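Structural features, examined
Okay, here's what each chain looks like letter by letter:
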Amino acid sequence: MALDYVRDPAAIYEASFATIRREAAPLLARLPEGAQTLAIRLAHSCGMVEIIEDLRLSVDAVAAGRAALAAGAPILVDAEMVAHGVIRRHLPAGNAVLCRLNEPEVAPLAARLGTTRSAAQVDLWVERGELSGAVVAIGNAPTALFRLLELLDEGVEPPAAILGFPVGFVGAAESKAELFAGPRGVPFATLLGRRGGSALAAAAVNALATGLATGAEPLGGWTERPQSDAGAEAGAASVAGQDGGEGQSAALAPDNQAVRPPCDGSSASAKGEGRLV
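Note that the coordinates shown come from a computational prediction; the quantities given were computed from them, not determined experimentally. (Residues numbered from 1 in each chain as written. Predicted model: local features only at pLDDT ≥ 70, side-chain atom pairs only at ≥ 80, totals over all residues. Heavy atoms only, no water.)

Thoughts on the pattern of salt bridges
By the definition in use, this model includes 10 salt bridges. Arg100 is the partner of Glu130 in a salt bridge, and the nearest nitrogen-oxygen pair spans 2.4 Å. Separated by 30 residues along the polypeptide, Glu130 in the loop between helix 7 (117-127) and strand 4 (135-138) and Arg100 in the loop between strand 3 (97-98) and helix 6 (106-113) bring together distant segments of the chain. Across the pair, exposure class does not vary: Glu130 and Arg100 are buried alike. A cluster of three or more residues bridged by salt bridges with shared partners is formed by Arg100, Glu103, Glu105, Arg128 and Glu130. (Salt bridge = Lys/Arg side-chain N within 4 Å of Asp/Glu carboxyl O. Helix = DSSP H or I, 4+ residues; strand = E, 2+ residues; numbered from the N terminus. Buried < 20%, exposed > 50% of the residue type's maximum accessible area, 1.4 Å probe, protein only.)

A few points about the packing of helix 8 (residues 142-153) against helix 9 (residues 172-181)
Interhelical geometry of helix 8 versus helix 9 gives an angle of 30° and a closest axis separation of 8 Å. As summarised for this structure, helix 8 and helix 9 are arranged roughly parallel, according to the angle between their axes. Handedness of the crossing formed by helix 8 with helix 9: left-handed. Contact with helix 8, carried on its side by Pro142, Leu145, Phe146 and Leu149, involves Ala172, Glu174, Ser175, Lys176, Glu178 and Leu179 of helix 9 and no other residues of that element. (Axes fitted to C-alpha atoms, helices over the stretch in contact; angles between N-to-C directions. Parallel < 35°, antiparallel > 145°, perpendicular 65-115°, else oblique. Left-handed = near helix turned anticlockwise from the far one by under 90°. Contact = heavy atoms within 4.5 Å.)

A few points about the packing of aromatic side chains
Taken as a whole and assessed by the stated rule, the structure comprises 1 aromatic pair. Residues Tyr13 and Phe17 carry aromatic rings whose centres are separated by 5.3 Å and whose planes lie at 65° to one another, so their mutual orientation is edge-to-face. Here the residue Tyr13 and the residue Phe17 both occupy positions in helix 1 (residues 9-23), the gap between them amounting to 4 residues, near one helical turn. Overall, Phe17 belongs to the buried group, its relative accessible area being 4%. For Arg7, the ring lying beneath its charged end belongs to Tyr5, and the centroid distance is 4.1 Å. (Phe/Tyr/Trp six-rings, centres within 6.5 Å; stacked < 30°, edge-to-face > 60°. Lys NZ or Arg CZ within 6 Å of the ring centre and 35° of its normal.)

Pasting the structure below:
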C-alpha cells in the first residue's frame, strides 16, 4: 500500500523553510537578512528552531565567508563528517574542502604536543599555509577550536571566517564561549552551549555558498537543484565513526544554560573585537 507523504523535493524544501520562518519568526526578526538565511539552514539541518536563540555571529560573518568562498578560499574542516555534508557543486570556485585529521603526520604531531589529533591538524593547517584566508568549519572537536584560538593569539595569519559548532559535554560550550567573547578580530558564527555537530557546521558552509535551496540567488548565479542538499547535510550526521577525533558524533546534546549572553544587538566581545548581531 502506498503511503501518503510529500515526495517532491522542492515542495519539501518550501514547506520546511516556511515552517522554520513561522515558528522562529521572533528569533529571526533579530537577525539581518543574510544571518536569517544562515539561521534557517542551521535549524533545517537539525530540526530544531529553538537553536536560533543561541546563535551568535559577528555582523560581517556572512559577507566575509561568502567573499572568501567567491575568491576561491579553501574550506578547512575538523572532521570527515563535516566534509561529507558540504555540497560541492554549489561551491562558487570549486573550493577545496580539506580535512587533515587522517594525514600520516597528525598522530605523531598530536603525541608530541600532548593533544588530540583534531587539535594537531590545526597546527598542520598553519604549517602547510592553508589557514590564512580560509573558511574554517568546526563541527566536532572543541580542542580544534581551542587550538585555533591559541594559534591566533600567537599571531598566525587568520582565516577569513570561523564557523564554530563543536558538540559535546567536555569543552564544547567553553570553546564557543571563548570564540564569542574574543573572536580575535575574525568574523565568526557559533552556537552557544553544548549543542553543535558536523551537520550544523556543514549547513553553515552551505548557507554561505548558496543561501536557501529555494528562491535564493546563490553566489555566482548558479541554478540551484535542491534534490540533494538535504541529503548532503543529513549525510554528515550519519557518517559516524570516520573522524577518529574525539568520538563526538553529530547528535545534538542538551544545551548548557550557563552561557547565554543576550542577543539584542548591543553585545560586543570581551576583547573589543567585532560587533555582533
